[in-house]
Structure formats: structure tokens, C-alpha cells
Amino acid sequence: MLSRIRGFVVLIQFSITVGIVIVLMYTFRNHTHKVIKGWMKIQMFLLGIKLEQEGKLDTTCDMVVLNHQSLLDIIVMEYIHPRNLAWIAKKEITDLVFFGHIIKAPRMISVDREDKAGIIALLKDCKDRLSKGRPIAMFPEGTRSTGKKMLKFKPGAKMIANKFNLRVQPAIIINTRNILDSKNLKQTPGRVKVIYLDPVQADKKSDWFEKLEEDMNAVYKKEMEK
């Protein structure tokens, strides 16, 4: 019952603060990253998140891939990563009235997975963000899992990494769904664990992506069995 009350409070808080963040990003166009970082710090505090990190984040990598359970995954990685990440989001989010500007204002990347021509636009946008020193951040599963096991990886991350010869930082995030379950509108303070795997160099001639999927699944399964 208490987790549902917290979930309802978070919904109201998000609705208000996201609106403020959008206005601030348009007002201070050259400082959108600072605005986002500030909001993420506030959320980490308000949600009562204790962060545990294992391994080392390589901030020189130009792509970050991680498993997806909750909206909190983005908040945690934005809080941790010092660079201005360019997240790849579904077009459905971008098309939301007003709140879609949380993607548009900081120039994140929107992709229409149903439109084949959208792939061309996706690669163009990725090239633009990379040229500005922004790492690409995405969830290779494509959508949120139930948290019990990782979903099969979609080919998008492999395509982008191979196209631009990117060095990829894989990460596993544990327990975010238990802390913030937006589907069932529940929120409970707790500990989030982030595990960094060794960076991988994309190479069209190798099976690096398939091996990465295996490695991330192995780490995730091991954590779930603890």
C-alpha cells in the first residue's frame, strides 16, 4: 500500500518537474545537459536510491548499452555518466503532447521502428550527435523486460556501432524495477547496482554483438541467482 502511495506521489512529482525541466532546457539552450544532470541528482535523492557500482565505466566509449527494466535506468545512467548522452527513444515518446519535448529539447534521437526510411534518419542523427562529442546510449532489448530475465537483443545497436566503428561500454543495472515500477505505479526506496563489463570494439567482421549479448545475459543471470 505504501509503495502505491509513493508511486502516485512520484507520478505527480514527475509531471511537475519534467515540465519545469523542459521549460528550462528551452530557456537555456546551451546548458541543456546541466539542466538534465541537475534533475537527475534531485530524482536520485527523492527516490531514495543508494548506488553500488562494480567494475569501471570507460567514459571514452562512444556508445553505452544497458539492460532495461524501468524508467529509472535512464535516471541512474544519466546521474553516473559525465558526458552528454544522446539516448535513442521510440517515436511514440517523442510524439507525446508537451512531454515529448523531454526528447526534443535536449536533442535526443527519435526512431520510428515501423518506418524503413527511419533507419536512414537514425544513422544521420547518430552521426550528428557523435560529431558533437555525444555518446549514443540505448537499450539493445528495445523495450522494458519484466526484470526476471533479459529480452533478446534487437540489431539496432549492432548496426549503429558497426557503421561508425564505435567502442561500446556495456552495463548491467540491477533492481531498478523494484524501486520504480511505472507500469504498476509503485515506488520503494532501495539500492541499485550497476555492473560495468569490459568495453568492446565494434567490428563488422566479428561476432562481437552476439558475444556481448551472451556476456551480459550471463552477468545478469548470476546476479538474479544471488
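Further up the page is the structure itself.
Rules of the game
- Residues numbered from 1 in each chain as written.
- Predicted model: local features only at pLDDT ≥ 70, side-chain atom pairs only at ≥ 80, totals over all residues.
- Heavy atoms only, no water.
- Helix = DSSP H or I, 4+ residues; strand = E, 2+ residues; numbered from the N terminus.
- Buried < 20%, exposed > 50% of the residue type's maximum accessible area, 1.4 Å probe, protein only.
- Contact = heavy atoms within 4.5 Å.
- Areas by Shrake-Rupley, 256 points an atom, 1.4 Å probe, with all protein chains shown as cover.
- Phe/Tyr/Trp six-rings, centres within 6.5 Å; stacked < 30°, edge-to-face > 60°.
- Salt bridge = Lys/Arg side-chain N within 4 Å of Asp/Glu carboxyl O.
- Expected span 1.5 Å × (residues − 1).
- Arc of directions from axis to C-beta.

Visitor: Tell me about the overall build of the protein, residues and numbers included.
Guide: Across its full length, the protein carries 9 helices and 10 strands. Counting only C-alpha atoms and orienting by the principal axes, one finds that the protein spans roughly 50 × 45 × 30 Å. Taking all 226 residues of the protein together, the buried fraction comes to 46%. A separation threshold of at least 6 residues defines the contact pool for the protein, and within that pool the share at least 24 residues apart is 73%. Of the roughly 12,100 Å² of accessible surface on the protein, 58% is carried by carbon and sulfur atoms.

Visitor: Describe the packing of aromatic side chains, with residues and values.
Guide: Within the structure shown, the criterion is met by 5 aromatic pairs. With a centroid separation of 5.5 Å and 50 degrees between ring planes, the pair formed by Phe-14 and Trp-39 is classed as tilted. Of the two residues, Phe-14 sits in helix α1 (residues 2-27) while Trp-39 sits in helix α2 (residues 32-46), which places them 25 residues apart along the sequence. Here Trp-39 falls in the buried class, since its relative accessible area comes to 13%. Ring centres 5.4 Å apart and planes at 80 degrees place the aromatic pair Phe-98 and Phe-99 in the edge-to-face group. An aromatic cluster is built from Phe-153, Trp-208 and Phe-209, whose rings are joined through pairwise contacts.

Visitor: Report on unusual backbone geometry, specifying residues and quantitative values.
Guide: Glycine aside, a negative phi is what most residues show, and trans is what most peptide bonds show. Even without being a glycine, Asn-165 presents a positive backbone phi close to 55 degrees. Residue classification places Asn-165 among the exposed positions, given a relative accessible area of 53%. The residue Leu-185 is not glycine, and still its phi comes out positive at about 55 degrees. In this structure, Leu-185 sits in the loop between β7 (180-181) and β8 (186-187). A relative accessible area of 30% places Leu-185 in the partly exposed class.

Visitor: Hey, could you go over the pattern of salt bridges for me, with residue numbers and the actual values?
Guide: Per the counting criterion, the structure on display carries 11 salt bridges. In this structure, Asp-128 engages Arg-129 in a salt bridge whose closest nitrogen and oxygen atoms are separated by 2.7 Å. Between Glu-223 and Lys-193 there is a salt bridge; the shortest N-O distance is 3.2 Å. You can see Glu-223 sitting in helix α9 (residues 208-224) and its partner Lys-193 sitting in strand β9 (residues 190-196), a full 30 residues away along the chain. On the basis of relative accessible area, Glu-223 is assigned to the buried category, the value being 11%. Overlapping salt bridges bring together Arg-107, Asp-128, Arg-129 and Lys-132 as one network.

Visitor: How would you sum up helix α6 (residues 117-131)? Please name residues and give values.
Guide: Its 15 residues place the ends of α6 22 Å apart at the C-alpha level, agreeing with the 21 Å of an ideal helix rising 1.5 Å per residue. All of the buried residues along α6 are Gly-118, Leu-122, Leu-123, Cys-126, Arg-129 and Leu-130. An end-on view of α6 places all buried positions within 140 degrees of arc, on one side of the element. Facing away from the buried side of α6 by over 90 degrees, the exposed positions are Ile-120, Lys-124, Lys-127 and Ser-131. As for α6, its buried residues are in contact with β3 (86-90), β4 (109-111), β5 (136-138) and α7 (156-163).

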